[in-house]
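Here are the chains, one letter per residue:
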Amino acid sequence: MKLLVAGDARVDAGKTTFAAGLLAALDGAVGFKPRAGNDYWYDHDDAAAALSDGRLYGKDVATLAAAGDTDLTEEQLNPVHRLWRPTPGRTGMLGEAGRTFLVDRVTTPDGPSFVVNGVAEREGLLPDLVAESLPLADAVRVDNVERFNDVMAERYLPAFERVTDRIAETTPGVVESYADIALPVDKIDFDAVAVVAPTRVRLYDGSRYLKADEVASGSSREGQLEERVGRVVEMIEPVSTHTLQPLSSDERGDPTRVADAYAGVYEALLEVALSEEPADSNR
């Protein structure tokens, strides 16, 4: 069984809390976050904690790793992680407004490798803590979009293919998307999808969700831009919609308590995953 947790807001949708509770509610489940990123300024504590061990990963995948039943490392559950920093009034090399990517960690069969934004490095935007904590001497430097695209083909796409194979071999497998991207990994037949937002979650039949994503993309997803959740779900009706009660910080930090609080929602999600003909009705 493969379950996808997506969000309809770019930030703070509650995906990780929901996914961690789902992992706690399932026996033997493993959680994946194929793509992730955090900000050296806004998420400094999380970034510094990973950097102190010479690593680069985020709080979300650490939460999934702890909640799931796995010995896989954060780097294996999350093959690509990006570190940003705010740059007010500046457009980054990749066209990002007000922030600039500093370094990516890409997991290879031989372990983590790093890709550095050479422009940011030359302009002094790479913090000393990052430069001193990570093995960047032999890292790939990218100075323009064309070079970055070449590195994407060489390193990132194989990393995504490897994690796709790992997800396909895992059951139950829970995959958390990032931002408001509808589908964070290709070639996985999700049985059910939970689209999380503040105060509510909408549950979708996996095959219908994947079909809507394909239609929204215009054709095969290969070579297409990533679709946003809003574009996909406007094409289909949820099987059911559920209210999510607010949780305290202590509750959010304990996946078992999240599983208890949202037990009815998780039961409904599993019903969708196991149903051949889901009913198009709301609760």
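Further up the page is the structure itself.
These numbers were taken from a predicted model, which means no experiment stands behind them. (Residues numbered from 1 in each chain as written. Predicted model: local features only at pLDDT ≥ 70, side-chain atom pairs only at ≥ 80, totals over all residues. Heavy atoms only, no water.)

Details of the pattern of salt bridges
Side chains bearing opposite charge may pair, as long as their charged atoms lie close to each other. Counted by the stated rule, this structure contains 13 salt bridges. Between R200 and D8 there is a salt bridge; the shortest N-O distance is 3.8 Å. Of the two residues, R200 is situated in strand β10 (residues 200–205) and D8 in the loop between β1 (2–7) and α1 (15–25); the sequence distance between them amounts to 192 residues. A relative accessible area of 28% means that D8 is categorised as partly exposed. (Salt bridge = Lys/Arg side-chain N within 4 Å of Asp/Glu carboxyl O. Helix = DSSP H or I, 4+ residues; strand = E, 2+ residues; numbered from the N terminus. Buried < 20%, exposed > 50% of the residue type's maximum accessible area, 1.4 Å probe, protein only.)

So, the packing of α1 against helix α12 (residues 263–274)
Closest axis-to-axis distance for the α1/α12 pair is 10 Å, and the angle between their directions is 75°. On the basis of their axis angle, the class for α1 and α12 is roughly perpendicular. For the pair formed by α1 and α12, the contact residues are T17, F18, G21, L22 and A25 on the first element and V265, Y266 and L269 on the second. (Axes fitted to C-alpha atoms, helices over the stretch in contact; angles between N-to-C directions. Parallel < 35°, antiparallel > 145°, perpendicular 65-115°, else oblique. Contact = heavy atoms within 4.5 Å.)

Structural notes on the side chain of S133
Structurally, the position occupied by S133 is in helix α6 (residues 128–133). The class of S133 is buried, set by a relative accessible area of 19%. For S133, the residues in contact, after removing those within four places along its chain, are L51 and G54.

Observations concerning α1
Counted residue by residue, α1 has 9 buried out of 11 residues, so it is predominantly covered. Among the residues of α1, those classed as buried are K15, T16, T17, F18, A19, A20, G21, L22 and L23.

Digging into the nonpolar core
By size, the foremost hydrophobic cluster in this structure holds 29 residues, and its most contacted members are F18, L22, V201, Y262 and L269. For this core, the secondary-structure elements that each account for two or more residues are β1, α1, α3 (59–67), β9 (192–197), β10, α11 (255–261) and α12. Counting residues per element, this core draws most heavily on α12, at 6 residues. Contacts of Y262, omitting those with residues within four sequence positions, involve F18, L244, Q245 and L247. (Core = buried A, V, L, I, M, F, W, Y, C linked by side-chain atoms within 4.5 Å.)

What about the packing of α1 against α3?
Taken N-terminus to C-terminus, the directions of α1 and α3 make an angle of 10°; their axes are 9 Å apart at the nearest point. On the basis of the axis angle, α1 is roughly parallel to α3. Across from T16, A19, A20, L23 and A24 in α1, the residues of α3 making contact are D60, T63, L64 and A67. The residue makeup of the contact of α1 with α3, split by class, is 6 nonpolar, 2 polar and 1 charged. (Nonpolar A, V, L, I, M, F, W, Y, C, P; charged D, E, K, R; others polar.)

Describing the pairing of β10
Buried residues dominate β10, accounting for 5 of its 6 residues. Pairing between β9 and β10: 6 bridges, direction antiparallel. Directly across from A192, in β10, lies its bridge partner D205. Between β9 and β10, which follow one another and run antiparallel, lie 2 residues, and T199 among them has a positive phi close to 85°. Relative to strand β11 (residues 240–243), β10 runs antiparallel, the two being bridged by 4 bridges. Counted as the bridge partner of L203 is S240 from β11. (Pairing = 2+ DSSP bridges.)

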